[in-house]
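The primary structure of each chain is shown beneath.
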Amino acid sequence: MIFVTGGAGFIGTNFVFEAVAAEPLLVIDKLTYAGNADNLSALEKADGFQFVRADICDREAMARLLALHRPKAVVHFAAESHVDRSIHGPADFVQTNIVGTFELLEAVRTHWSALDGAARSTFRFLHVSTDEVYGSLNATDPAFTEVTPYAPNSPYAASKAASDHLVRAYHHTYGLPTLTTNCSNNYGPFQFPEKLIPLVIANALEDKALPIYGDGLNVRDWLFVGDHCEAIQRVLKIGSPGETYNIGGKNEIRNIDVVRSVCRVLGELRPRPHGNYEDLITYVADRPGHDRRYAIDPGKIERELHWAPAETFESGIRRTVRWYLDHLDWVSSVRDGRYRTWVEKNYGGRAVPTSGRMRISE
Ligand code: NAD
Ligand code: TYD
């Protein structure tokens, strides 16, 4: 069995659907606003699938689950993951991302130390992290490699950086067989509609403004979530303990161009009754401390583990838009009261409409 923390979130859900065919899984999730047990309801009766609602900060609960199920690996997705939320309220990020990872590591270390033989040598703790720990690049800087110094700029990035350091230390000090992956921006099915791409799709379909922070020229490297999950599988199976692997799609795109692509594909698949979706693009006040550019050099995982993404941005964004169009009920079910409160908090004070109609809040 494999434990999957945060398996009811965006990437975790995609990972679980893919991995459950090969291995029995136990999903451990606290079900914060970002976790949705319904995502996994299709697996409720599937062989080899179990779900438990628990907090990774609860070391005793983690220890009990480890003793009961004796997993051969833990894939650790659970985190607070939204940069804007970390600016408004960093405490949850420190709690889950740093304290939670520490408590989980302690429970896992105790469990692993008592194993022997093959169970001990083949055990793995895979920590899923982000490229944001490396900070911001200028236009001509080389892409992040595994030896780029850490320089996190947001409370989210700082909390993930701290968790990466703890994982590294548990390998170095105790010999725990850890693996760390640092991935670029994911997109695809099941992403909570407060992140850029699903937010733009959902707002466009409701004829609401498409908010672009600042000048829209910030660059992110975009990776289809299925390609990320495939990379994680490969790292889990053949990665070397103690190593870090950068995962990216070699798809550096400016935010404004990401939004235009979404508008173009939406326009083809579900034309706007009057005008173009691009008319809804609205520049708003920038995110404080907004990192200008992220870029990943995935050379190590390509060379050593023979991984490469299957989707281009064009094919991935088409799959993504189609998925959201086919799952409008999912979008409306997650855009509940807590989400609306968030929209008011994040966008209420920053709206500077320069085009389109500003109608982000209800
Ligand atoms: P998400 O916010 O969609 O999901 C996080 C999940 O963790 C949710 O199901 C939530 O309920 C659960 N969770 C939160 N706190 C918990 C706790 N204390 N105990 C147990 N469960 C808890 O996030 P995501 O986008 O799926 O990201 C998953 C992981 O991948 C995160 O560690 C994130 O830092 C990392 N990552 C994400 C991206 C991206 O673009 N989304 C890119 C690189 C790395
Ligand atoms: P996001 O999806 O929040 O991911 P991250 O901050 O982890 O990269 O944002 C992606 C980019 O889009 C980021 O540069 C911020 C920008 N952005 C907007 O311009 N408008 C928005 O409403 C949001 C949510 C993000």
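The structure reproduced in this document is the subject of the present report. (Residues numbered from 1 in each chain as written. Chains lettered and ligands numbered in written order. Predicted model: local features only at pLDDT ≥ 70, side-chain atom pairs only at ≥ 80, totals over all residues. Heavy atoms only, no water.)

### Some thoughts on the nonpolar core
Membership of the largest hydrophobic core comes to 67 residues, with the highest contact counts inside it found for Val75 and Ile197. If you look at the next biggest cluster of nonpolar residues, it comprises 22 residues, including Phe3, Ile28, Phe125 and Val167. (Core = buried A, V, L, I, M, F, W, Y, C linked by side-chain atoms within 4.5 Å. Buried < 20%, exposed > 50% of the residue type's maximum accessible area, 1.4 Å probe, protein only.)

### Observations concerning the packing of aromatic side chains
Two aromatic rings, taken as a pair, are described by how far apart their centres are and by the angle between their planes. One pass over the structure, following the stated rule, counts 16 aromatic pairs. Judged by centre distance (5.4 Å) and plane angle (85°), the rings of tyrosine 134 and tyrosine 150 are edge-to-face. Note that tyrosine 134 is positioned in the loop between strand 5 (124–130) and helix 6 (155–174) and tyrosine 150 in the loop between strand 5 and helix 6, a separation of 16 residues in sequence. Judged by relative accessible area, tyrosine 134 falls into the buried class, the value being 4%. For the ring pair tyrosine 324 and tryptophan 330, a centre distance of 6.2 Å and an interplane angle of 70° mean the geometry is edge-to-face. The buried category is assigned to tyrosine 324, whose relative accessible area is 1%. The class for tryptophan 330 is buried, based on a relative accessible area of 10%. The lysine or arginine in question, arginine 109, covers the ring of tyrosine 174, its NZ or CZ lying 3.9 Å from the ring centre. (Phe/Tyr/Trp six-rings, centres within 6.5 Å; stacked < 30°, edge-to-face > 60°. Helix = DSSP H or I, 4+ residues; strand = E, 2+ residues; numbered from the N terminus. Lys NZ or Arg CZ within 6 Å of the ring centre and 35° of its normal.)

### Brief notes about the site of ligand 2
Lining the immediate environment of ligand 2, one finds 17 residues, of which Glu132, Tyr213, Arg287, His290 and Tyr347 sit closest. Asparagine 185 is positioned with one of its side-chain polar atoms (N or O) 2.9 Å from an oxygen atom of ligand 2. Between ligand 2 and proline 211 there is a distance of 2.9 Å, counted from a nitrogen atom to a backbone nitrogen or oxygen. Protein chains bury 97% of the 510 Å² of accessible surface belonging to ligand 2 in isolation. Listed by contribution, the elements that provide at least two residues to the shell around ligand 2 are helix 3 (83–88), helix 7 (196–205) and strand 8 (210–213). (Near = heavy atom within 4 Å. Polar contact = N/O pair within 3.5 Å; in protein donor to acceptor, adjacent residues only side chain to side chain. Areas by Shrake-Rupley, 256 points an atom, 1.4 Å probe, with all protein chains shown as cover.)

By themselves, these are just geometric observations and shouldn't be taken as functional.
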